[in-house]
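# Report on the structure
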Amino acid sequence: MPPPRTGVAEAVWLEADLDSVEENLALDEALLEEAHEGIAAGPVVRTWMAREPVVVVGSSSRLDEEIDRAACAREGVRIVRRPSGGLTVVLGPGCLMWSAVVPHPAGAPPIDRIHSDMLEPLRGSLAEMLAPAGIAVDRRGSSDLVAVRESVARKFSGNALRVRRHGVLYHGTLLDDFDIPLISRVLRHPPREPDYRRRRPHGEFVTNLNLGRAVLESLVRRAFGATPARADWPRDRVARLVCERYRRADWTHRL
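Bear in mind the structure is a predicted one, so any value in this text is a computation, not a measurement.

Definitions and limits used
- Residues numbered from 1 in each chain as written.
- Predicted model: local features only at pLDDT ≥ 70, side-chain atom pairs only at ≥ 80, totals over all residues.
- Heavy atoms only, no water.
- Helix = DSSP H or I, 4+ residues; strand = E, 2+ residues; numbered from the N terminus.
- Rg over C-alpha atoms; globule rule 2.2 N^0.38 Å.
- Buried < 20%, exposed > 50% of the residue type's maximum accessible area, 1.4 Å probe, protein only.
- Pairing = 2+ DSSP bridges.
- Phe/Tyr/Trp six-rings, centres within 6.5 Å; stacked < 30°, edge-to-face > 60°.
- Lys NZ or Arg CZ within 6 Å of the ring centre and 35° of its normal.
- Expected span 1.5 Å × (residues − 1).
- Bend = angle between axes of the 7 residues up to and from the residue.
- Contact = heavy atoms within 4.5 Å.
- Arc of directions from axis to C-beta.
- Disulfide = S-S within 2.5 Å.
- Core = buried A, V, L, I, M, F, W, Y, C linked by side-chain atoms within 4.5 Å.
- Axes fitted to C-alpha atoms, helices over the stretch in contact; angles between N-to-C directions.

Regarding its fold elements, the protein chain presents nine helices and eleven strands. Its C-alpha atoms give the protein chain a radius of gyration of 17 Å, near enough to 18 Å, the size a compact globule of 255 residues would have. Reported as C-alpha extents along the three principal axes, the dimensions of the protein chain are approximately 45 × 45 × 30 Å. When the 255 residues of the protein chain are sorted by exposure, 52% land in the buried category.

A word on the pairing of strand β7 (residues 136-140). Looking along a regular strand, one sees side chains alternate from face to face of the sheet. Two elements, β7 and strand β8 (residues 144-149), share five bridges in a ladder whose sense is antiparallel. Across the sheet, the residue bridging to V137 is A147, located in β8.

Under the criterion given, the structure shown has four aromatic pairs. Centroid distance W98 to F224: 5.5 Å. Interplanar angle 20 degrees. Geometry classified as stacked. Here W98 is found in strand β6 (residues 95-103), whereas its partner F224 is found in the loop between α7 (213-223) and β11 (229-230), with 126 residues between them in sequence. Of the two residues examined, W98 and F224, each falls in the buried class. When the ring centre of Y196 is taken as reference, the NZ or CZ atom of R140 above it lies at 5.9 Å. Over the face of the ring belonging to W251 we find R254, whose NZ or CZ atom lies 4.2 Å from the ring centre.

Glycine aside, a negative phi is what most residues show, and trans is what most peptide bonds show. Phi at E150 takes a positive value of approximately 50 degrees, unusual for a residue other than glycine. Within the secondary structure layout, E150 lies in the loop between β8 and β9 (152-164). What makes E150 exposed here is its relative accessible area of 73%. Of note, S151 is a non-glycine position whose phi angle comes to about 70 degrees, a positive value.

Here helix α4 (residues 111-130) spans 28 Å end to end across 20 residues, near enough to the 28 Å set by a 1.5 Å rise per residue. Along α4, the sharpest kink reaches roughly 30 degrees, centred on L119 and followed within four residues by the proline P121. Here α4 has its buried residues at I114, H115, D117, M118, L119, P121, L122, G124, S125, L126, A127 and L130. Check the buried side of α4 and you find it contacts β6, β7, β8, β9, β10 (167-175) and α7.

As a further point, take the pairing of β6. Where burial is concerned, most of β6 is hidden: nine out of the nine residues are buried. Alternating residues of β6 divide into C95, M97, S99, V101 and P103 and L96, W98, A100 and V102, and every residue in both groups is buried. As judged from the six bridges shared by strand β2 (residues 44-49) and β6, these two strands associate in the antiparallel manner. The residue of β6 that forms the bridge with V44 is V101. Where β6 meets β10, nine bridges bridge the pair, whose relative direction is antiparallel. Counted as the bridge partner of W98 is G172 from β10.

Taken together, the buried positions of α7 are occupied by L216, L219, V220 and A223. Looking down the long axis of α7, one finds its buried residues gathered within 100 degrees of arc, a one-sided arrangement. Taken together, the buried residues of α7 touch β1 (12-14), β2, β6, α4 and β10. Phi turns positive one or two residues past the end of α7, at G225, with a value near 60 degrees.

Next up on the list: the state of the cysteines. A complete count under the given rule lists zero disulfides for this structure. Residue C72 stays outside any disulfide, its sulfur separated by 15 Å from that of C95, the closest cysteine.

What follows covers the nonpolar core. V21, L27, V55, I67, V90 and V238 are the most contacted members of the largest nonpolar core, which has 49 residues in total. Top element by residues in this core is helix α1 (residues 21-36). It accounts for eight residues. Non-local contacts of L27, meaning those with residues more than four positions away in its chain, are made with L14, A16, L18, R46, W233, P234 and V238. By size, the runner-up hydrophobic cluster in this structure holds 30 residues, among which are A11, L96, V102 and Y170.

Spatial ordering of the open sheet is given by β4-β3-β5, a layout of three strands whose pairing is mixed. The open sheet is flanked by β4 (78-81) and β5 (89-91), the only strands paired with a single partner. Each strand of the sheet is rotated relative to its neighbour by a mean of 30 degrees, with strand direction disregarded. Pairing between strand β3 (residues 54-57) and β4: four bridges, direction parallel. The residue bridging V57 from the neighbouring strand is R81, located in β4. Contacts from α1 reach β3 and β4, with the element oriented near 10 degrees to β4.

Listed below in structure tokens is the structure:
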């Protein structure tokens, strides 16, 4: 599987075990800062999984349009806000998160190319794995990956991006063994949706892959050619961003 057309050095696999969703979101943004500032030598790819259910809203999401706050309180599900756009998602055990941060010294490419460069390698890697089971993998909407069986497309990966002049953060979900009914309990029907959804409720629209975390991580790593690994990460930047943004109620509830 060829690596994405980043135009920079080979991708590095980052191994970082952080405790909270807030820290993981801060790490994604810290890596983007390094890419934009010219500190990163090449793309950085990583995966992580929330240890408890958490609602994560997009940077411009309006909470009461997308979330049932009372249900979140009843379920004990926290709400946090990420640095990228897109609609609200629910994370937790069984939902693998993947992130790719790519420096672009000459300037970030157009949005359509970013979607293609990031999603096509992953789509191809997953398609090869799922084909023997009679499942096709396709891109739908602006940044979804779907499993297609008997002409029915169900989403297993929703993705979002943040673009700076010299760097791109692309990250998203891979539903594998997730509590899908929880999504319907804490999220409202989204205020906008891709045509292929056709007003389907959450439980009929999304699906699990049931491949296992180790398999999914290996597929992500192979998709982006992330052969060398590193364990160092920008701890000071992460700590600053957690304090400035991700653990602040005025950041999370500002819309």
